[in-house]
Structure formats: structure tokens, C-alpha cells
Amino acid sequence: MKSRNAMTARLMVCGLGLAALLAAAGGAAAQDTKTMVIKTGTATLNDAQHEWLKRFAVAIDKNTNGRLKAEVYPASQLGAIPRMIEGTQLGAIQIWVGPPEFLVGVDPRFELLSVPGLLRDDNHALKIINDAEFSKAFLSVGANKGLVGASLFLTGPMAFDMRAPMRTLDDLKGKKVRVLASPFQMEQLTRLGATGVPLTLGDVLPALQQGTLDGALGALPVFAALQYHGSAKYITETGHAYIFSVAMLSKKWFDGLPADLQGIVMTTARQTQGEVLPWSIDFLVTQRKAWTEKGGEVINLSAADHAELMKKTAPIGDDIVKTKPELKPLWDMLLAAAKRGQ
């Protein structure tokens, strides 16, 4: 009897132990499949950057079977650009999308894509993005500063959005123009006789409305999407340089993901890039039309003025790199990629 009771007791203990193991395994499985909500943000609205985030959100939900769900916050809802970048480095924001020039404070190599005079047209700019050697190197620049590059895509050719028409290069002289936070862009304005004023995007429209800025340097789709035509209706498209956008992941967040999710995130980012590239080119065409329909004007410089613009700005890349040797390895890779894309 005692032997039977002892055996029953041992079976009960084993049963309880097995139940505990199964419960633990079930809990682990539940934890592994639990939905993780991630915050993604950008400063713009209804443009290629916003489109990238929206498409990524749909794709990541599908590709992970709901394990990752992205919340999309455009129009600086998560704060000004510097705050979003800091939040991404700290892990409070999981993905930030914006022009890489705003990451110059993280690493000066991010400013290289601002270089004027290197890219001939939209097709040439797209070949830079699709150059595997350069894009891989460029996207890895922030790895030791808490950022993982996941995608590089095109916003559009450079344009000046002005309160007064800029029909010639002389019309730019003495003007105060908003630029991205990059010496490459500030130097362009200096050599053209104007003053570059770095501002976050949220401060630009009020400054144009108040007249403390005469214009802004950027891409037409951004100006059109943010309704700048009411305050600065004259856009002069120069195409002497290009505006790119980069999707940066929080390294703290990314490193904490299971290996399979890391792979899916990067694959989904590349998938989204492939979808947004042609979308951004089509969007540029529609926004030119929308700009004029709303009372704005799109201006092109004369051939002589455009040639003068290129002559004055083309040496900027080499001149700046000579003073910043840390830029040279990646600069040489960019030059090689541009040559391959010709």
C-alpha cells in the first residue's frame, strides 16, 4: 500500500512537472508570436517618404503574419527631425525616414549625396541607389551610432522654391534660402551669392510666410505636398543635385529581434524600396502639374545660366573632401558608382 501511494505521488509530481514544462513552452510560444507594435516616423506628408512608411507597414504585417505591426507618424508627429533621430538611436522610435543630410551630426559621411554636379538626370540618380557596392557602404555608415540603414530611395531633383521668381542666377544673389543641414548644401548657396539657412522642415513654412526666408532648397514633391504654393509659388527646377531619402532602423530595437524577424525586416525594406522608386518618379510628374494647377509656377533656367550653375557648384565635392579626409573612402566609392552608372 505504501509502495502504491509512493508511486502515485511520484506520478503526480511528474505530471505536475510535465504540465509546468508544457505551460512554459506554451508561454514561450505565445511570447514568440505576440504582436510587436513599432513606431515609424518622418517629417513630411503625402510624399515618397510617407509612401515608403505606409507601404512598409502593410508589407511587414503581411510578411510577419502579424508579429510586427507598424504605426505610421508623418508630418513630424513624433517630434522635429533631430528629436526623431535621437529617438531612433535610443530605441523609442523604431524607424525614421528622411534625407541623410540630417544625419551629418551622427556621421559627416551622410552628407555626400548632397554633392552637386555629379548626377546627370533621374536615371543616373537611380543607378546610384541600385549600385550594390555603394549603397551597402552608405547604409552601414551609422552602425556604430545606433542606426541601421535599411533602404535608400529618391525624392527628386534639386529645386529652389522662392517667394519672388528666380529666372536667372542673379535673382538668387543676396537671398536667404533654407538648406538641409549639410556643408555641401550651404556651400552651394555661398558660391551662388546667397546665404544658406539650415532649418528643420516644420520651421520652413512659417519663415517663408513671415518673410524671414526668401526661399528653400529641396525637391518639388515636398513643396507641393506641404502646400508651399501659397507663400512661395515660384519653383525653379535646376537638377544640379538630387534629394535622396534613407530609412534608418533603431539598432537597439533591431538587435533585439529574433534572427528570422531581422531577416524579414530587411527584406521588406528592400521590397518597399523597389516599389517606391518608380512611384516617386511618377509622383514627381503629377506634383509638377498639381503645383501649376494651384497657381504656382515652375521655372527652368536658360542653358547659359544652367551651365554657369554647374560650373560654380561642381567643384564643391572635391573641395570639401580635401578638408575632410574621413569622407574620402566613401567619396571615392560614390565617384566610382557614378562612373559605372553613366
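Reading guide: rules and limits
- Residues numbered from 1 in each chain as written.
- Predicted model: local features only at pLDDT ≥ 70, side-chain atom pairs only at ≥ 80, totals over all residues.
- Heavy atoms only, no water.
- Helix = DSSP H or I, 4+ residues; strand = E, 2+ residues; numbered from the N terminus.
- Contact = heavy atoms within 4.5 Å.
- Areas by Shrake-Rupley, 256 points an atom, 1.4 Å probe, with all protein chains shown as cover.
- pLDDT = per-residue confidence, 0-100.
- Salt bridge = Lys/Arg side-chain N within 4 Å of Asp/Glu carboxyl O.
- Buried < 20%, exposed > 50% of the residue type's maximum accessible area, 1.4 Å probe, protein only.
- Axes fitted to C-alpha atoms, helices over the stretch in contact; angles between N-to-C directions.
- Parallel < 35°, antiparallel > 145°, perpendicular 65-115°, else oblique.
- Left-handed = near helix turned anticlockwise from the far one by under 90°.
- Pairing = 2+ DSSP bridges.

(A) Local environment of the overall build of the protein chain. Along the protein chain, the regular secondary structure elements total 13 helices and nine strands. Seen along its three principal axes, the alpha-carbon backbone of the protein chain occupies a region of about 110 × 40 × 30 Å. Once local pairs closer than 6 in sequence are excluded, the contacts in the protein chain between residues at least 24 apart make up 78%. A total of about 15100 Å² of accessible surface is found on the protein chain, and carbon and sulfur atoms cover 58% of it.

(B) Spatial organisation of the confidence of the model for the protein chain. For the protein chain, per-residue confidence averages 90 on the pLDDT scale, and 90% of positions sit at 70 or higher. The model gives residues 1-32 a pLDDT under 50, and that stretch makes two contacts with residues more than four places away or in other chains.

(C) Just the pattern of salt bridges, in detail. As enumerated under the stated definition, the model contains 18 salt bridges in all. Salt-bridge contacts for Glu51 lead to Arg55; the nearest nitrogen and oxygen are separated by 2.7 Å. One end of the pair is Glu51 and the other is Arg55, both in helix α2 (residues 48-63) and four residues apart, which spans about a single turn. Here Arg55 falls in the partly exposed class, since its relative accessible area comes to 27%. The network of salt bridges with shared partners includes Glu51, Lys54, Arg55 and Glu275.

(D) Highlighting the packing of helix α5 (residues 132-139) against helix α13 (residues 328-340). Where α5 meets α13, the axes come as close as 9 Å, and the angle between the chain directions of the two elements is 150°. One finds that α5 runs roughly antiparallel with respect to α13. Note on packing geometry: the crossing formed by α5 with α13 is left-handed. Listed contacts from α13 to Glu133, Phe134, Ala137 and Phe138 of α5 are Leu330, Met333, Leu334, Ala337 and Arg340.

(E) Quick look at the packing of helix α6 (residues 183-191) against helix α12 (residues 316-323). The N-to-C vectors of α6 and α12 enclose an angle of 125°; their axes lie 10 Å apart at closest approach. For the element pair α6 / α12, the angle class is oblique. In terms of crossing hand, the pair formed by α6 and α12 is right-handed. Contact with α6, carried on its side by Pro183, Phe184, Glu187, Gln188 and Arg191, involves Ile316, Gly317, Asp319, Ile320 and Val321 of α12 and no other residues of that element.

(F) Looking closely at the pairing of strand β1 (residues 36-42). Two elements, β1 and strand β2 (residues 68-73), share six bridges in a ladder whose sense is parallel. Considered in β2, the bridge of Val37 is made with Lys69. Two strands pair when backbone bridges link them, and β1 and strand β3 (residues 95-98) are joined in this way by three bridges, in the parallel orientation. Bridge pairing links Thr40 to Ile95 in β3.

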